[in-house]
Amino acid sequence: MNIEDCLADFQIPQYLHYLDSAATSLIPEPVIVSMNEYERQYRANVGRGMHRLTRVATQRYQDAHDRVSGFIEGQEGTTVFTRNTTEAINMVAAGLEWEPGDRIVTTVMEHHSNLLPWLRLRQKGVEVITIRPDSEGTFDTGSFDEAITADTKLVAISHVSNALGTVQPVREIASLCKEYGSYFLIDGAQSVPHFPVNVQNIGCDFMCFSGHKMLGPTGTGILWMKEEILSPFMVGGGTVDDVDIEGGTAEGYVLTEGYRRYEAGTPHISGAIGLSQAVKYLENLGMDDIFRHEQKLTERLLAGLAGIDKVNVYGPQDIKNRIGVVSFTIDRIHPHEVAYLLDERASILVRSGDHCCIPLMRYLGLENGTVRASLYLYNTLEEVDLLIQTVEEIARMV
Ligand code: PMP
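Residues numbered from 1 in each chain as written. Predicted model: local features only at pLDDT ≥ 70, side-chain atom pairs only at ≥ 80, totals over all residues. Heavy atoms only, no water.

### Some words on the overall build of the protein chain
From N to C terminus, the protein chain includes 12 helices and 15 strands. For 398 residues, the compact-globule estimate of 2.2 N^0.38 gives 21 Å, and the C-alpha radius of gyration of the protein chain, at 22 Å, lies within 12% of that figure. Per-residue burial for the protein chain yields a buried fraction of 56% across its 398 residues. Considering only residue pairs separated by 6 or more positions, the protein chain has 71% of its internal contacts joining residues 24 or more positions apart. Taken as a whole, the protein chain presents about 17,300 Å² of accessible surface, with 46% of it coming from carbon and sulfur. Distance between charge centres in the protein chain, computed from 33 positive and 54 negative side chains, equals 3 Å. (Helix = DSSP H or I, 4+ residues; strand = E, 2+ residues; numbered from the N terminus. Rg over C-alpha atoms; globule rule 2.2 N^0.38 Å. Buried < 20%, exposed > 50% of the residue type's maximum accessible area, 1.4 Å probe, protein only. Contact = heavy atoms within 4.5 Å. Areas by Shrake-Rupley, 256 points an atom, 1.4 Å probe, with all protein chains shown as cover. Lys, Arg positive; Asp, Glu negative; His and termini not counted. Charge placed at Lys NZ, Arg CZ, Asp CG, Glu CD.)

Here it is in structure tokens:
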């Protein structure tokens, strides 16, 4: 299958131009079919019981974990299904042991989901250092070198900024973490859907991402961890090998190993099956081809917006350091107004506002936020041209 041929799999009205995939992506037909198949043909709980339906469902649920871990080359670690990236990150914050004086190094660019869980740990005496980028949203690794010390328990950064599209130098940061003995968490919500990500090559300890941003159903996310060092923040059905209330262990139960220890209760089974199908779909298209396609569109969009009077584009100008998440403003028009007009005039759907990055917006002096067009594999050059042309018309109105 090639990228041009896949458009028919995404069934939204043809006149809509969906440029909001950084928030959540569209979902292709085979993913919906796989979820319906589960609900209609083999709906049963997983990991419990011996009857034929539960055996099929359990196998597919296990296969889904294997496929997702293979997608990021994470077979050596543990792949836990969560509701979303936010839950995955919170599981790390809740699952590590924190002591007063521990440091966390993060950045001012983070999505609130990769910032608030760390800021909350200040209540436990943990110090949170937030590194600042340059005006394009890039960091030089020297600033990480300065910030990471022997007391740094964790470094937590996003692989790609959801507000500016910047790709961060995660491999370099991973080697600094190794040097100082810090854990390294990557928020991969905007990277894993768009280009090949290999957790072994990067050398991180945790990779968190969302299924719903990579053609999968909502309510699906992933926490990959290199080693099972977290204590699970929920326990209950499915997480134990034995429960002996008066037995030898302090808690009276023995947790099982692998992802089950972190997935208490009945999971989102159809979601896992749909996510697995989404990964298969991405693999069939090829992540390199998807990335190339998006880069082609991004180049065109950046060049087009750069030529329009009164339009300001944020994030790196160099295509090598970014993906197709393009933030811009038009002088004297509120970003919400621009987003509304893009929809009204041309059925172009974009996001506007602070993109859950209030500290970054404040740092950049963008109190109303930006307009954000975010591209994915199903977008076309024609849609990019339409966006450029409509932005130009709106800019001429003021
Ligand atoms: N981190 C980044 C970089 C994101 O783009 C997002 C989603 N906008 C999140 C975290 C949170 O993802 P979710 O809503 O799926 O938890």
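### Description of a nonpolar patch on the surface
A surface patch of nonpolar side chains, about 280 Å² in accessible area, is lined by Val240, Val243 and Ile245. Note on placement: Val240 falls in strand S9 (residues 240-243). Judged by its relative accessible area of 31%, Val240 falls in the partly exposed class. (Patch = residues over 30% accessible without salt bridge, like charges linked within 9 Å, V, L, I, M, F, W, Y side chains within 5 Å. Salt bridge = Lys/Arg side-chain N within 4 Å of Asp/Glu carboxyl O.)

### Focus on the site of the ligand
Every one of the 13 residues lining the ligand counts as a neighbour, but Thr86, Asp187, Gln190, Ser210 and Lys213 are closest to it. One of the side-chain N or O atoms of Gln190 is found 2.6 Å from an oxygen atom in the ligand. Here Ser210 contributes a side-chain N or O atom positioned 2.6 Å from an oxygen atom of the ligand. Here the ligand has 400 Å² of accessible area as a free molecule, and 90% of this is covered by the chains. The residue inventory of the shell around the ligand, partitioned by class, reads 2 nonpolar, 9 polar and 2 charged. (Near = heavy atom within 4 Å. Polar contact = N/O pair within 3.5 Å; in protein donor to acceptor, adjacent residues only side chain to side chain. Nonpolar A, V, L, I, M, F, W, Y, C, P; charged D, E, K, R; others polar.)

### Re the sheet that holds strand S5 (residues 152-158)
Spatial strand order, S2-S8-S7-S6-S5-S3-S4: 7 strands in an open sheet with mixed pairing. Either end of the sheet is taken by a strand with one partner, and the two such strands are strand S2 (78-82) and strand S4 (127-131). Across the sheet, the mean angle separating the axes of adjacent strands is 15 degrees when strand polarity is ignored. Inspection of the sheet shows strand S3 (residues 103-107) paired to S5 by 3 bridges, in the parallel sense. Counted as the bridge partner of Val105 is Val155 from S5. Its contacts with the sheet place helix H3 (residues 85-95) against S2, strand S6 (183-187), strand S7 (206-210) and strand S8 (221-225), and it is angled at close to 155 degrees to S7. (Pairing = 2+ DSSP bridges. Axes fitted to C-alpha atoms, helices over the stretch in contact; angles between N-to-C directions.)

### What to know about the side chain of Glu110
By secondary structure assignment, the location of Glu110 is in the loop between S3 and helix H4 (116-119). It is Arg132 that comes nearest to the buried, bridge-free Glu110 among opposite-charge side chains, at 12 Å. A distance of 2.8 Å separates the side chain of Glu110 from the side chain of Asn114, its partner in a polar contact. In this structure the side chain of Glu110 is engaged in a polar contact, spanning 2.8 Å, whose partner is the backbone nitrogen of Ser158. Excluding residues within four positions of it along the chain, Glu110 makes contact with Leu115, Ala156, Ile157, Ser158, Cys356 and Cys357.

### Here we look at the pairing of S6
Along S6, 4 of the 5 residues are buried, which leaves the element largely enclosed by surrounding structure. With 5 bridges connecting them, S5 and S6 associate as parallel partners. In the strand pairing of S6, Leu154 is matched with Tyr183. In the classification by handedness, the crossover that spans S5, the intervening helix H6 (residues 170-180) and the parallel S6 is right-handed. (Right-handed = clockwise from strand over helix to strand, strands pointing away.)

### Some words on the domain arrangement of the protein chain
For the protein chain, the domain assignment lists domain 1 (3-27 + 286-395) and domain 2 (29-284). With 40 residues of domain 1 at the contact, the number on the domain 2 side is 41 residues. Taking both partners together, domain 1 and domain 2 bury about 3,300 Å²; carbon and sulfur atoms supply 60% of that area. On the domain 1 side of the contact with domain 2, Ile27, Met287 and Tyr363 bury the most area, a combined 21% of that side's loss. For the pair domain 1 and domain 2, the number of links is 0 salt bridges. The interface formed by domain 1 and domain 2 holds 23 residue pairs in polar contact (both at pLDDT 80 or more) in total. Taken together, the elements giving at least two residues each to the side of domain 1 that touches domain 2 come down to helix H9 (287-306), strand S12 (325-330) and helix H11 (358-363). Residues of the side of domain 1 that touches domain 2, tallied by class, amount to 25 nonpolar, 10 polar and 5 charged. (Domains from an automatic or database assignment. Buried area = accessible area lost by both parts, 1.4 Å probe.)

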